[in-house]
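The primary structure of each chain is shown beneath.
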Amino acid sequence: MDARAIDHVNLRIPEDGIETAVAFYSEALGFDIENRDLFESGDKPFISVRLTPVSIIHLQPAANFDPPAETGFDHLAIEFDHTIDELRESLDAAGVEVDRQLEPLGATGVAPAVYVTDPFGYTLELKALPSDEDN
């Protein structure tokens, strides 16, 4: 089998977490929110955060939500067409705290990345363009 891409990831959030999710993923990080009308009408059990034309995160409220534990979830990495400085400036302007900065190895090679924690305890690796010295 030949995979092409990750289509979506489904993350559970607290039952009352939709507004918090929209504030973080849309207002702070700048992603589009999709299917909110379908969620509110009861036709879908989640909202969708559009990362790219071919990838999304489903955020599904759950009455029995437990924050992710170190033994079960580490992080989700998202690649951006921005430098690390641009990412940090955008996060700072949105009031999003950076947990740490590294140059991890990922599917597209080594590039600088910052790690942030969403309001529900999920760690996101925001991967920037490789630094000039790596090109």
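Everything discussed here concerns the structure shown above.
Residues numbered from 1 in each chain as written. Predicted model: local features only at pLDDT ≥ 70, side-chain atom pairs only at ≥ 80, totals over all residues. Heavy atoms only, no water.

Asks: Explain the sheet that holds strand S5 (residues 76-79) residue by residue, including any values.
Replies: Whether parallel or antiparallel, the strands of a sheet pair through hydrogen bonds between backbone atoms. Spatial ordering of the open sheet is given by S5-S10-S9-S6, a layout of four strands whose pairing is mixed. With one partner strand each, in any of the chains shown, S5 and strand S6 (100-102) form the two edges of the open sheet. Mean inter-strand twist for the sheet, computed between neighbouring axes without regard to direction, equals 25°. One ladder, built from five bridges, connects strand S9 (residues 113-117) with strand S10 (residues 123-127); its direction is antiparallel. Each bridged residue has a counterpart across the sheet, and for Tyr-115 the counterpart in S10 is Glu-125. Of the strands in this sheet, S6, S9 and S10 touch helix H3 (residues 84-94), which is tilted by about 25° from S9. (Pairing = 2+ DSSP bridges. Helix = DSSP H or I, 4+ residues; strand = E, 2+ residues; numbered from the N terminus. Axes fitted to C-alpha atoms, helices over the stretch in contact; angles between N-to-C directions. Contact = heavy atoms within 4.5 Å.)

Asks: How would you explain the environment of Leu-76 if you had to name every residue and give the values?
Replies: Mapped onto the secondary structure, Leu-76 falls in strand S5. Along the backbone, Leu-76 and Ile-57 are 19 residues apart, and their C-alpha atoms lie at a distance of 10.0 Å. Those residues within four positions of Leu-76 in sequence are excluded, and the remaining contacts are Val-9, Ile-57, Thr-123, Leu-124 and Glu-125.

Asks: Before we move on, can you summarise the nonpolar core with the specific residues and values?
Replies: Among the nonpolar cores identified, the biggest contains 30 residues, and Tyr-25, Leu-29, Leu-59, Leu-124 and Leu-126 are the most heavily contacted of them. Secondary-structure elements contributing two or more residues to this core are strand S1 (8-14), helix H1 (18-28), strand S3 (47-52), strand S4 (55-62), S5, H3, S9 and S10. The contacts of Leu-59, once residues within four sequence positions are left out, are Leu-11, Ile-13, Ala-21, Tyr-25, Phe-46, Ile-47 and Val-49. (Core = buried A, V, L, I, M, F, W, Y, C linked by side-chain atoms within 4.5 Å. Buried < 20%, exposed > 50% of the residue type's maximum accessible area, 1.4 Å probe, protein only.)

Asks: Outline the packing of aromatic side chains, supporting the account with residue identities and numerical values.
Replies: Using the criterion set out here, one finds three aromatic pairs in the structure. Taking 5.9 Å as the distance between ring centres and 40° as the angle between the ring planes, the aromatic pair formed by Phe-31 and Phe-80 counts as tilted. A residue pair is termed long-range when its members are at least 10 positions apart, and Phe-31 in the loop between H1 and strand S2 (32-34) and Phe-80 in the loop between S5 and H3 qualify at 49 residues. For the pair shown, Phe-31 and Phe-80 are each scored as buried. Ring geometry for Phe-73 versus Tyr-122: centroids 5.2 Å apart, planes at 85°, classification edge-to-face. Remark: Tyr-122 occurs in the loop between S9 and S10 and Phe-73 occurs in the loop between S4 and S5; sequence separation between them is 49 residues. (Phe/Tyr/Trp six-rings, centres within 6.5 Å; stacked < 30°, edge-to-face > 60°.)

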